[in-house]
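Coordinate analysis (summary)
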Amino acid sequence: MKDRTLLMIPGPIEFEPAVLQALGAPTMSHLDPVFLDTFGSALEGMRKVWGAPSGQPFLLVGSGTFAMDCAGANLVEPGDRALVLSTGVFGDRFEDLLTRYGAAVDVIRAPIGETVDFEEVERALEAREYKLMTATHVDTSTGVRVDPQRFGKMGRNHDMFTILDGVCSVAGEELQQEEWGIDIVLTASQKAIGVPPGLALLVVSQRALGGWGKRRIPVANYYADWNQWLPIMASYEKRIPSYFGTPAVNLVCALNVSLAQILEEGMDRRVARHRTIGRAFRAAIAALGLSQVSTSEDHAANTMTAPRYPNGVRGKDLLPRIRQAGVTLAGGLHPKIRSEYFRIGHMGAVTAGDLLTTVGAIETGLRACGHQFEPGVGLAAAQASLNA
Ligand code: PMP
């Protein structure tokens, strides 16, 4: 593995060896009693990680976009009004998606790097009635975090459905879906939940299932329709064989291993670890003289960081040099500022060692690009933050 680099992009991430081992095991029948138990146990684990003891988990084949699609397809009927709270590219994706299913969509778009202004949202909700509202817990194009508790509460106060895109947050940022009254929290396997790409994961409140049950017309997406999947999820929980579409057997086995590891670490400790490492990354970036897309420490994500390139340094020069120094990072994603910043993912199995390796490689790359700073100043700031 001499050529291996440390993968520090905002998904896919570095995976735990036990997770990869489960992925490489001989594939079982999707109706094997051992697999029924694995699938059932993964569904039970999801409820715990989401903080949704009475929620309905859906464990499906697909990427995060399919999880978004599944939420939209099931909750939207033509003519429904939806409010999208957008803090970046993935918020904007909801506008497109919900429109496709016939929703009339209004968007409250935060300026790049800012989080949602809930007073503005409150005014919009008072001015007009909406059936549903979406938000992105951490938008991976900006590294901005939205307050999910306030989002859920506002949705309940206005008697609407709420969909939280947790693709870049679930199992990394704090989440209490049920207590906070959020109807759907969705994610994908390749991020903080720690499994290679391929699974779309949603937990749906009983309230949203009740609303969905009163639909006037069938769900316009055959594969995403909860009618297909509810009996399958129920059967797996009862360890009874059933079939609609073949599950991603090995990914489900890997997910079950990862969920067990997550729950063994404990959600509080896991969230605290992400917070500590996120803070240390931000301290290191600031010490190196780089600003960030997120305009405030208060709403900067703990699962990723989006630093801006310093004056005179271009991504096409810096990122390959960081890679040569052993760490793979991601370029910008937001179309309006794509060439102005890069992205570091730090979630899931991330350790303090990964943090220091990454900051060291960033220092090496910046130096090679001619950026002036005192060598080691980023590493020192990261360590000081870790030890604080
Ligand atoms: N939402 C967010 C916040 C994301 O970060 C991503 C992926 N980067 C998606 C949705 C879409 O997920 P996928 O790429 O797995 O379709």
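Look a little higher up for the structure.
Our subject in this report is the structure included herewith. (Residues numbered from 1 in each chain as written. Predicted model: local features only at pLDDT ≥ 70, side-chain atom pairs only at ≥ 80, totals over all residues. Heavy atoms only, no water.)

A few points about the overall build of the chain
Along the chain, the regular secondary structure elements total 14 helices and 14 strands. For 388 residues, the compact-globule formula gives about 21 Å, and the C-alpha radius of gyration of the chain, at 21 Å, lands near that figure. For the chain, the proportion of its 388 residues judged to be buried stands at 59%. Taking the contacts inside the chain whose residues are at least 6 apart along the sequence as the reference set, 72% of them involve residues at least 24 apart. Distance between charge centres in the chain, computed from 37 positive and 41 negative side chains, equals 4 Å. (Helix = DSSP H or I, 4+ residues; strand = E, 2+ residues; numbered from the N terminus. Rg over C-alpha atoms; globule rule 2.2 N^0.38 Å. Buried < 20%, exposed > 50% of the residue type's maximum accessible area, 1.4 Å probe, protein only. Contact = heavy atoms within 4.5 Å. Lys, Arg positive; Asp, Glu negative; His and termini not counted. Charge placed at Lys NZ, Arg CZ, Asp CG, Glu CD.)

Examining the sheet that holds strand β13 (residues 330-331)
Read across the open sheet, the three strands follow the order β11-β14-β13; overall the sheet is antiparallel. If you trace the sheet from one side to the other, it starts and ends with β11 (304-305) and β13, each paired once. (Pairing = 2+ DSSP bridges.)

Side note on the pairing of strand β5 (residues 132-136)
In terms of burial, β5 is largely enclosed, as five of its five residues are buried. Here β5 shows a buried face lined by L132, T134 and T136 and a second buried face lined by M133 and A135. Examined bridge by bridge, strand β3 (residues 81-86) and β5 share three bridges and lie parallel to one another. Residue pairing for β5: V84 is matched across the bridge by T134.

Here's the deal with the pairing of strand β8 (residues 161-165)
Each regular strand carries side chains that alternate between the two faces of the sheet. Counted residue by residue, β8 has five buried out of five residues, so it is predominantly covered. Residues of β8 alternate between two faces, with F161, I163 and D165 on one and T162 and L164 on the opposite face, all of them buried. Summarising the sheet, β5 and β8 pair through five bridges and their orientation is parallel. Bridge assignment links L132 to a residue of β8, and that residue is F161. Pairing analysis gives three bridges linking β8 to strand β9 (residues 184-188), with the strands arranged parallel. Counterpart to L164 in the pairing with β9 is V185.

Description of helix α4 (residues 89-100)
The terminal C-alpha atoms of α4, which comprises 12 residues, lie 17 Å apart, in line with the 16 Å expected from a rise of 1.5 Å per residue. Of all the positions in α4, only V89, F90, G91, F94, L97 and L98 are classed as buried. Positive phi shows up at G102, right after α4, with a value of about 95 degrees. (Expected span 1.5 Å × (residues − 1).)

Concerning the nonpolar core
Counting 100 residues, the largest nonpolar core has W50, L59, L85, L98 and V121 as the members making the most contacts within it. Among residues more than four places away in sequence, those in contact with L59 are F39, A42, L43, M46, L199, A200, L201, M233, V252 and L255. Core analysis: the next-biggest nonpolar cluster, separate from the first, contains 27 residues, F342, V350, L355 and A382 among them. (Core = buried A, V, L, I, M, F, W, Y, C linked by side-chain atoms within 4.5 Å.)

Overview of the site of the ligand
Around the ligand, 13 residues are found, and the nearest of them are S63, G64, T65, T140 and D165. At 2.8 Å from an oxygen atom of the ligand is found a main-chain nitrogen or oxygen belonging to G64. Contact between the ligand and T140: an oxygen atom at 2.3 Å from a side-chain N or O atom of the residue. Contact with the protein chains hides 86% of the accessible area of the ligand, taken as 390 Å² for the molecule alone. Listing elements by their share of the shell around the ligand, those giving two or more residues are α3 (64-75) and α4. Looking at the shell around the ligand, the element that brings in the most residues is α3, giving three residues. Within the shell around the ligand, the residues separate by chemical class into four nonpolar, six polar and three charged. (Near = heavy atom within 4 Å. Polar contact = N/O pair within 3.5 Å; in protein donor to acceptor, adjacent residues only side chain to side chain. Areas by Shrake-Rupley, 256 points an atom, 1.4 Å probe, with all protein chains shown as cover. Nonpolar A, V, L, I, M, F, W, Y, C, P; charged D, E, K, R; others polar.)

Remarks on unusual backbone geometry
Here G11 and P12 are connected by a cis peptide whose omega angle stands at -5 degrees. Note on placement: P12 falls in the loop between β1 (6-7) and α1 (17-24). In this structure, D159 takes a positive phi of about 50 degrees despite not being glycine. Relative accessible area serves as the criterion here: at 62%, D159 is assigned to the exposed category.

Brief notes about the sheet that holds strand β2 (residues 56-61)
Across the sheet, seven strands lie side by side as β2-β10-β9-β8-β5-β3-β4; this open sheet has mixed pairing. What marks the edges here is a single partner per strand, and that holds for β2 and β4 (104-109). Put simply, the sheet's adjacent strands are angled 15 degrees from each other on average, direction ignored. Inspection of the sheet shows β3 paired to β4 by six bridges, in the parallel sense. For A82, the partnering residue across the bridge sits in β4 and is V105. Set on the sheet, α4 makes contact with β3, β4, β5, β8 and β9; between it and β3 the angle comes to about 165 degrees. (Axes fitted to C-alpha atoms, helices over the stretch in contact; angles between N-to-C directions.)

All quantities given are derived from atomic positions and should not be read as evidence of function.
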